Amino acid sequence: MPVDSRFFASEGAVTLGRWAELAGADLVGDPKIEVRGVASASSAGRGDVCFFEGKPVDAAKISPDAAACLVKSEAAEHLPAGVAALICEAPKLMHARAGGEIFKVRPLVASEAFSPDAQIHDSAEISIGVVVCAGAAIGERTQIGPGTVIGPGVQIGRDCVIGSHVSIECALIGDGVKLASGVRIGQAGFGVIGGPEGAEDIPQFGRVIIQDKVTIGSNSTVDRGAFDDTIIGERTKIDNLCHIGHNVVVGRSVAIAAYGGISGSCWIGDGARLGGRAGVADHVRIGVGSSLAAGAGVFRDIPDGETWGGTPARPLRDYMREIAWLSKQTKKRKPAQ
Amino acid sequence: MPVDSRFFASEGAVTLGRWAELAGADLVGDPKIEVRGVASASSAGRGDVCFFEGKPVDAAKISPDAAACLVKSEAAEHLPAGVAALICEAPKLMHARAGGEIFKVRPLVASEAFSPDAQIHDSAEISIGVVVCAGAAIGERTQIGPGTVIGPGVQIGRDCVIGSHVSIECALIGDGVKLASGVRIGQAGFGVIGGPEGAEDIPQFGRVIIQDKVTIGSNSTVDRGAFDDTIIGERTKIDNLCHIGHNVVVGRSVAIAAYGGISGSCWIGDGARLGGRAGVADHVRIGVGSSLAAGAGVFRDIPDGETWGGTPARPLRDYMREIAWLSKQTKKRKPAQ
Amino acid sequence: MPVDSRFFASEGAVTLGRWAELAGADLVGDPKIEVRGVASASSAGRGDVCFFEGKPVDAAKISPDAAACLVKSEAAEHLPAGVAALICEAPKLMHARAGGEIFKVRPLVASEAFSPDAQIHDSAEISIGVVVCAGAAIGERTQIGPGTVIGPGVQIGRDCVIGSHVSIECALIGDGVKLASGVRIGQAGFGVIGGPEGAEDIPQFGRVIIQDKVTIGSNSTVDRGAFDDTIIGERTKIDNLCHIGHNVVVGRSVAIAAYGGISGSCWIGDGARLGGRAGVADHVRIGVGSSLAAGAGVFRDIPDGETWGGTPARPLRDYMREIAWLSKQTKKRKPAQ
């Protein structure tokens, strides 16, 4: 996906030559080709630079739309035709490091309350202490509580009610959205990679899209995507202290109770209902209209319309039967001891 | 319960006629009767408007004190004498929508740091960046950290220590209360109802009452009640990142460790102790002096003085026996395989 | 450990005589001896005052370096030679109360944005709404987002990126540290003691030390130590909504996913990896390079390099075998029913 220039700045032309230089990579391709995005190997589109670390022959399966791919030398020859090779020893690490040098998130730093480059509708009610950074826009009748910070380039629609001490970065917010006090939208998702000196952060180049009439409770956090967007669908309702990880796609009219935690790249179907403290491991699909019992810990996909519980989660009926059976076994044995 | 006018505003007279109009309901009763509260069917008091969606004959069991009740037509005739009927197709949904139109929470929006209508004692220490809204009052010697927001009508007692970036709405706070940085008090509880276009928020008309010498840790949240109040009893100590849902009543000298999550309408007895990450499902009673092991997930009432653990929680002794038995069974089988 | 005067203030000379007076204790020792620290009985160093409530004869085992110890009368004679006795009825309670009177945390209250006693490097980028209290220092090129509060005496290194609405108290922060919006560093840890009138807070006299290149996600909290320091090692990466309790020592390049909760006085080895919602009970040791599965609840030490899961946590292989066996047992029985 192209990196959104409203949220990320790049200096000068972004070319394959510059990638090669910053990644310390040998380029097999034209150094003058301009690129504009970063991506994973499977979803790379036109103009995107991705990386590959699997078996050399599997390099043939990466997206043929990619402009270039950081690979180890033995995999370079297997790349699809038209994908330039950036050959280096540690493709994932160098992809993170070079990407982070090329595209820098516009910092959440401001020396004035309202940037002259921000657009605030006359009918919006903006409290004392609010900061609106350059390039941001706030729509009609939207109310913003004291001390809230609207980061560079953030777009907020009409009739939103945003509490105090909210921070919003790298995000597009629809109409009628309610964000309670202390909500954090669009900060870097959690990505860690081991480098030669120890753990390093993987930079995060995506955005957060919040559709109309979403409500998010106090002190909840929604991270921006790594390469793609984190999306919260229309009318979805999220309670306090919830966490939505990077690249998650939440459908419409989903209800997530307190402490609901959705790990990176999950997909949550329309109308799903998550009980309190339900957690979902990364890359899991929660079916349309399905339900998770409070405290469920989900490690694999849940079909549409089912109710699961327990950790690791299984169909709630199975889980309850197991709990009951276990209780019966241990109670039976007591007198015999 | 009457809606507290310090926290909620209503335009003009609030009459049964207006309820009928806003709910699109047929009124069987006097449209000029003035009402002042909203409630559930079981706890409605004088002047309250409630709703009922159960079996028609059970409408006879609703509180006879209610001024009026939104009901489906087939249940209207069963209402107790003296309770006016507001007949409509979707009583709960229309109760939420009309109630939300009639009583609007005073917004957490402010254009000046200290409202001239706020009362701040001379001996209080109020930091830079603090916002105190209209109708709020702050007592003797109370300290408030930078950037904290005291919403409309909020009353805070003496000798409190309130950190930075705290937000307080719809709340009455006693003496000697400590709220660490990032605490959120009195935001809307989590109520969702399905409407014809998808999920809708259920408005929340209650308050938060925090008694003397309560301590609440960083980034914890205490939601205001839906119809009644959320109450935290004297000397109760709450750790970081805890969540207290709407209508919860917590007793005195209760200790709740980090991530303790109490769902709506629970009752927690005096002196109870909740280990880290203990969770309690809605409408559950935790007995006086009882204890929950870390990570317990409680789905039913716990008698006074008992110690429970596990998810779903059971007496800790039973739970530990089950865990040990299960471990033994699977270890025994290993050599036989 | 000596109480750090950058973060805590004491009035006048702190002598054993004053401790005796405030604790209502009988002193067996020289009242003019000056002391400067508070500690637990096992770790007390020179100049520290500790307390002891165990079996009288075990008083002989307390640290012989302690300057004085609050004890019940029957234990006083067993104290090591050179440790003065402060004899009282409730040593732990009186240690908390007297210590809290003697050493008071410098309050997070400020009447101006930048104290003239703060040192802010010219190259630091400090946003609007930031508050920097007396004695604080901020290093080269460090960026601080709007509304963040740097408490009295806090030291922050070079090249840090600190988001909006962060609060930092009682802390020493290294170079290249990233703290996302809403992070809370250095607030009082959770300590509760039963007094004659009910629960009381135990004052917390330690600090937080955050080493170079640590990253901490949105709305996470790191409490200061009770007597010692809470330490986060170099390059450790912590996700959103995590909680690190008092006196915890986290090693280097540790990764803690969202909702990771570490209770007081735990020790986490270098390179450990904690999945989402992993929780660790107090005083537990997590081995170097070990891993916790998402949702693990750990109640005892984990050896180096192992992977554990479940609640209570056991080796992941055992846990998975138990889950599979339980499922098989209950499924087998179904047809027979």
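The structure presented is a predicted model; accordingly, all values stated were derived computationally and were not measured. (Residues numbered from 1 in each chain as written. Chains lettered and ligands numbered in written order. Predicted model: local features only at pLDDT ≥ 70, side-chain atom pairs only at ≥ 80, totals over all residues. Heavy atoms only, no water.)

1. With respect to the environment of Cys242 of chain A
- Summarising the element assignment, Cys242 of chain A is placed in the loop between β26 (237-238) and β27 (243-244).
- Cys242 of chain A gets classed as buried once you look at its relative accessible area, which sits at 1%.
- Note: C-alpha distance between Cys242 of chain A and Ile262 of chain A (20 residues apart in sequence) is 8.3 Å.
- Those residues in contact with Cys242 of chain A that lie beyond four places of it in its chain are Ser220, Thr221, Ile256, Ala257, Ala258, Tyr259 and Gly260 of chain A together with Leu241 and Tyr259 of chain C. (Helix = DSSP H or I, 4+ residues; strand = E, 2+ residues; numbered from the N terminus. Buried < 20%, exposed > 50% of the residue type's maximum accessible area, 1.4 Å probe, protein only. Contact = heavy atoms within 4.5 Å.)

2. Section: the interface of chain B and chain C
- On the side of chain C, 48 residues touch chain B, which itself brings 40 residues to the contact.
- Counting each side, the surface lost to burial between chain B and chain C is near 3,300 Å², with a carbon and sulfur contribution of 59%.
- When the buried area of chain B at its contact with chain C is split by residue, His165, Arg235 and Arg277 of chain B rank highest and sum to 17% of it.
- Joining chain B to chain C, the criterion identifies 3 salt bridges.
- Note that Lys178 of chain B is salt-bridged to Asp201 of chain C, the shortest N-O span being 3.0 Å.
- Where chain B meets chain C, there are 24 residue pairs in polar contact (both at pLDDT 80 or more). (Buried area = accessible area lost by both parts, 1.4 Å probe. Salt bridge = Lys/Arg side-chain N within 4 Å of Asp/Glu carboxyl O. Polar contact = N/O pair within 3.5 Å; in protein donor to acceptor, adjacent residues only side chain to side chain.)

3. Re the relation of the copies chain B and chain C
- Mapping chain B onto chain C leaves a residual RMSD of 0.0 Å; the transformation is a rotation of 120 degrees accompanied by 0.0 Å of translation along its axis. As the rotation angle and translation indicate, the two copies are arranged about a three-fold axis. (Least-squares fit on C-alpha atoms with pLDDT ≥ 70 in both.)

4. Quick look at the nonpolar core
Residue and element names in this part refer to chain C.
- Counting residues in each nonpolar core, the largest one holds 92 residues, and the members touching the most others are Trp19, Ile168, Ile185, Leu274 and Leu292.
- Sorting the residues of this core by element identifies α1 (16-23), β4 (48-51), β5 (68-71), β6 (84-87), α3 (91-102), β17 (171-173) and β22 (208-210) as the ones contributing at least two each.
- Per-element tally for this core: the top contributor is α3, with 5 residues. (Core = buried A, V, L, I, M, F, W, Y, C linked by side-chain atoms within 4.5 Å.)

5. Description of the interface of chain C and chain A
- Between chain C and chain A, the contact holds 40 residues from the first and 48 residues from the second.
- For the pair chain C and chain A, the summed buried surface comes to about 3,300 Å²; carbon and sulfur atoms form 59% of the total.
- Looking at the side of chain C facing chain A, the largest losses of area belong to His165, Arg235 and Arg277 of chain C, adding up to 17% of the total buried there.
- Taken together, chain C and chain A are joined by 3 salt bridges.
- Remark: the boundary between chain C and chain A carries 24 residue pairs in polar contact (both at pLDDT 80 or more).
- Contributing elements (two or more residues each) for the side of chain C that touches chain A: β12 (143-144), β26 (237-238), β29 (255-256) and α4 (316-336) of chain C.

6. Quick look at the sheet that holds strand β9 (residues 125-126) of chain B
Residues and elements named next belong to chain B.
- Ordered by their spatial adjacency, 11 strands build an open sheet running β9-β12-β15-β18-β23-β26-β29-β32-β35-β37-β38, and the pairing between neighbours is mixed. Looking at the sheet topology across the chains shown, the edges are occupied by β9 and β38 (314-315).
- With 2 bridges connecting them, strand β12 (residues 143-144) and strand β15 (residues 161-162) associate as parallel partners. The residue bridging Gln143 from the neighbouring strand is Val161, located in β15. (Pairing = 2+ DSSP bridges.)

7. Here's the deal with the sheet that holds strand β8 (residues 119-120) of chain B
Residues and elements named next belong to chain B.
- Read from one edge to the other, the open sheet built from 9 strands follows the order β8-β11-β14-β17-β22-β25-β28-β31-β34, with strand pairing classed as parallel. The sheet terminates laterally at β8 and β34 (285-286), the two strands that pair on one side only.
- As defined by bridge partners, β8 adjoins strand β11 (residues 137-138) across 2 bridges and the pair is classed as parallel. Within β11, the position partnered with Ile120 by the bridge is Ile138.

8. Description of the pattern of salt bridges
- Going through the model one piece at a time under the given rule, you end up with 45 salt bridges over all chains.
- With a shortest N-O distance of 3.4 Å, Asp318 of chain C and Arg321 of chain C are connected by a salt bridge. Of the two residues, Asp318 of chain C and Arg321 of chain C both sit in helix α4, 3 residues apart, roughly one turn of that helix.
- A single network of salt bridges, built from pairs that share partners, joins Asp4, Arg6, Arg207 and Asp229 of chain A.

9. Thoughts on α3 of chain C
- Over its 12 residues, α3 of chain C extends 16 Å from the first C-alpha to the last, a length consistent with the 16 Å expected when each residue adds 1.5 Å.
- All of the buried residues in α3 of chain C are Pro91, Leu93, Met94, His95, Ala96, Ala98, Gly99, Gly100 and Ile102 of chain C. (Expected span 1.5 Å × (residues − 1).)

10. Observations concerning the side chain of Ser115 of chain A
Residue and element names in this part refer to chain A.
- Relative to the assigned elements, Ser115 resides in the loop between β7 (104-105) and β8 (119-120).
- By relative accessible area, Ser115 is classed as buried at 10%.
- Look past the residues within four positions of Ser115 in its chain and what remains in contact with it is Val132, Cys133 and Ala134.

11. Considerations on the pairing of β4 of chain C
All names here are of chain C.
- Here β4 shows a buried face lined by Asp48 and Cys50 and a second buried face lined by Val49 and Phe51.
- Bridge analysis of strand β3 (residues 37-38) against β4 gives 2 bridges, and the strand direction is parallel. By the bridge assignment for β4, Gly37 is matched with Asp48.
- Two strands pair when backbone bridges link them, and β4 and β5 are joined in this way by 3 bridges, in the parallel orientation. Within β5, the position partnered with Phe51 by the bridge is Leu70.

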